[in-house]
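# Summary of the model geometry
One letter stands for each residue in the lines below.
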Amino acid sequence: MEKKIVVIKGDGIGPEIVTEAMKVLKRVAERFGHTFRFVEVDAGGCAIDKYGECLPQASLEQCLAADSVLLGAVGGPKWEKVDKNNRPEKALLRIRSAMGLYANLRPAKIFPQLAHSSPLKAELVEKGIDFVIVRELIGGIYFGAHETTQRDGEAYATDLMAYSEHEIERIGRTAFETARKRGRRVVSVDKSNVLDCSRLWKEVMHRLSAEYPDVEYSDMLVDNCAMQIVRDPSQFDVVVTENMFGDILSDEASMITGSIGMIPSSSLGEGTNGMYEPIHGSAPDIAGKDLANPIGTILSGAMMLKYSFGMEEESRAIEEAVQKVLDGGYRTGDIMSEGCIRVGCREMGDRIAANIG
Ligand code: NAD
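Residues numbered from 1 in each chain as written. Predicted model: local features only at pLDDT ≥ 70, side-chain atom pairs only at ≥ 80, totals over all residues. Heavy atoms only, no water.

## What to know about the nonpolar core
Grouped burial of nonpolar side chains is what soluble globular proteins tend to show. With 44 residues, the main nonpolar core has Phe36, Ile318 and Ile352 as its most contacted residues. Contributing elements (two or more residues each) for this core: β1 (2–10), α1 (14–32), α10 (295–307), α11 (312–327) and α12 (345–354). When residues in this core are grouped by element, the largest group, 8 residues, is from α1. Setting aside anything within four residues of it in sequence, one finds isoleucine 318 in contact with Val24, Leu25, Val28, Ile298, Gly301, Ala302, Leu305 and Ile356. Tyr102, Val134, Ile138 and Ala175 belong to the second largest nonpolar core, which has 22 residues in total. (Core = buried A, V, L, I, M, F, W, Y, C linked by side-chain atoms within 4.5 Å. Buried < 20%, exposed > 50% of the residue type's maximum accessible area, 1.4 Å probe, protein only. Helix = DSSP H or I, 4+ residues; strand = E, 2+ residues; numbered from the N terminus. Contact = heavy atoms within 4.5 Å.)

## A short note on a positive patch on the surface
On the surface, Lys109, Lys181, Lys306 and Arg316 cluster together into a patch of positive charge. On the secondary structure map, lysine 181 appears in the loop between α6 (165–180) and β8 (185–190). With a relative accessible area of 71%, lysine 181 lands in the exposed category. (Patch = residues over 30% accessible without salt bridge, like charges linked within 9 Å, V, L, I, M, F, W, Y side chains within 5 Å. Areas by Shrake-Rupley, 256 points an atom, 1.4 Å probe, with all protein chains shown as cover. Salt bridge = Lys/Arg side-chain N within 4 Å of Asp/Glu carboxyl O. Lys, Arg positive; Asp, Glu negative; His and termini not counted. Charge placed at Lys NZ, Arg CZ, Asp CG, Glu CD.)

## Considering the packing of helix α8 (residues 222–231) against helix α9 (residues 243–256)
Between α8 and α9, the least distance of the axes is 10 Å, while the angle of their chain directions is 10 degrees. With respect to α9, the axis of α8 lies roughly parallel. Where α8 abuts α9, its residues Val222, Cys225, Ala226, Ile229 and Val230 lie against Phe245, Leu249, Glu252, Ala253 and Ile256. (Axes fitted to C-alpha atoms, helices over the stretch in contact; angles between N-to-C directions. Parallel < 35°, antiparallel > 145°, perpendicular 65-115°, else oblique.)

## So, the site of the ligand
Residues in contact with the ligand amount to 20 residues; listed here are only the nearest, Val74, Glu89, Gly281, Ala283 and Asp285. Within the backbone of alanine 283, a nitrogen or oxygen atom sits 2.8 Å from an oxygen atom of the ligand. A distance of 2.9 Å is found between an oxygen atom of the ligand and a side-chain nitrogen or oxygen belonging to aspartate 285. When grouped by side-chain class, the residues that make up the shell around the ligand number 9 nonpolar, 7 polar and 4 charged. (Near = heavy atom within 4 Å. Polar contact = N/O pair within 3.5 Å; in protein donor to acceptor, adjacent residues only side chain to side chain. Nonpolar A, V, L, I, M, F, W, Y, C, P; charged D, E, K, R; others polar.)

## A short note on the side chain of arginine 106
Examined against the element boundaries, arginine 106 turns out to sit in strand β4 (residues 103–109). Despite its burial, arginine 106 pairs with no opposite charge; the closest candidate is aspartate 247, at 4.2 Å N-O. For arginine 106, the side chain forms a polar contact with the side chain of asparagine 104, separated by 2.7 Å. Residues within four places of arginine 106 in sequence aside, it is in contact with Phe131, Val132, Ile133, Arg135, Asp247, Ser250, Asp251, Pro264, Ser265 and Ile279.

## Some remarks on the packing of aromatic side chains
Considering all chains together, one arrives at 5 aromatic pairs under this definition. Ring-pair connections join several aromatic residues into one group, and the members of that group are Phe176, Tyr212 and Tyr217. The positively charged end of arginine 31 is found above the aromatic ring belonging to phenylalanine 32, 4.9 Å away from the centroid. (Phe/Tyr/Trp six-rings, centres within 6.5 Å; stacked < 30°, edge-to-face > 60°. Lys NZ or Arg CZ within 6 Å of the ring centre and 35° of its normal.)

## Let's talk about the pattern of salt bridges
Pairing is possible between side chains of opposite charge, provided their charged atoms come close. One pass over the structure, following the stated rule, counts 22 salt bridges. Measuring nitrogen to oxygen at the nearest pair gives 2.5 Å for the salt bridge that ties aspartate 214 to arginine 184. Taken together, the residues aspartate 214 in the loop between α7 (196–209) and β9 (216–221) and arginine 184 in the loop between α6 and β8 connect sequence positions 30 residues apart. With relative accessibility at 32%, the residue aspartate 214 sits in the partly exposed group. Relative accessible area serves as the criterion here: at 36%, arginine 184 is assigned to the partly exposed category.

Printed below as a string of structure tokens:
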């Protein structure tokens, strides 16, 4: 099979981690007889530096014409003072929106080898942590009007949260369909005791749940959910929620699995082309030092093979290679523990690639 993969390395640790993911994907292509054509484009802070804009039109067009997009991370302190409409993160919002990627799947699964890295008590970890957060990605407060004005002699800021029924229904369907392939349980998370958007969210989810009688459905307030994730994460299978709540809860969920550097994500819309990226940011504090953990990005590549290209066996080969390297005791600094062998980003990528097939 031949596939065109648009690559956005981005800023901070982005170039380091994406280079390792490409290394692994190239090895998969060799091993399974595929051709992956990588097209590198600029977006984020590096694009601001080169072209003055966070997302050049040519980069966006390449993304729209790709079979899939692989992204590292964008942003950093260097671009904090840039106009808010040209901030590096805006590039991602625009790509997600233009590609119609409304469903962001973020697995929170603990690798048995990293059980001790979880900040949770051992007995909670032993009960199992294996759930998926299905986050709505192109609606809600991140996409509403943002404004800072003056009122009564002081600065006054507003951000608009808005959702329509169809936006809620389509992400709800993604969650119920995902649950059917897993443990058949969906928890919908909202703030319906305060927000109108959440009241509509809950109403649509309830209505939809009637179409999926084989899936156990319940809802939960977001503050309670934040607490339940650390109290007993084994209760969750699929968690569906709006954009901002999903952003926050998925970082919390990643931490209980050991490190934010381990977690991949996929963003999909109606078609098969999607965007795949680790859930963390550009980690400017460790950029350029060969310290970053590339596993979240490498596993994002595995998700791409499975969800966008239908390459189940190839995707499994990457997951198994990661397991083998962890079994061998190799760890980047963020997941390091006593008795293990510390490796850098590059060596971690080399070892995973060498274990493919
Ligand atoms: P971050 O996720 O970049 O870093 C948080 C902490 O986790 C840091 O201590 C960092 O060193 C560590 N970390 C993150 N990824 C790691 C990895 N792969 N291996 C080892 N350690 C890792 O979050 P932040 O510091 O809040 O944000 C930094 C920048 O990234 C900001 O400009 C922010 O806007 C941006 N950001 C971008 C994205 C994206 O591109 N999708 C997502 C989140 C944040």
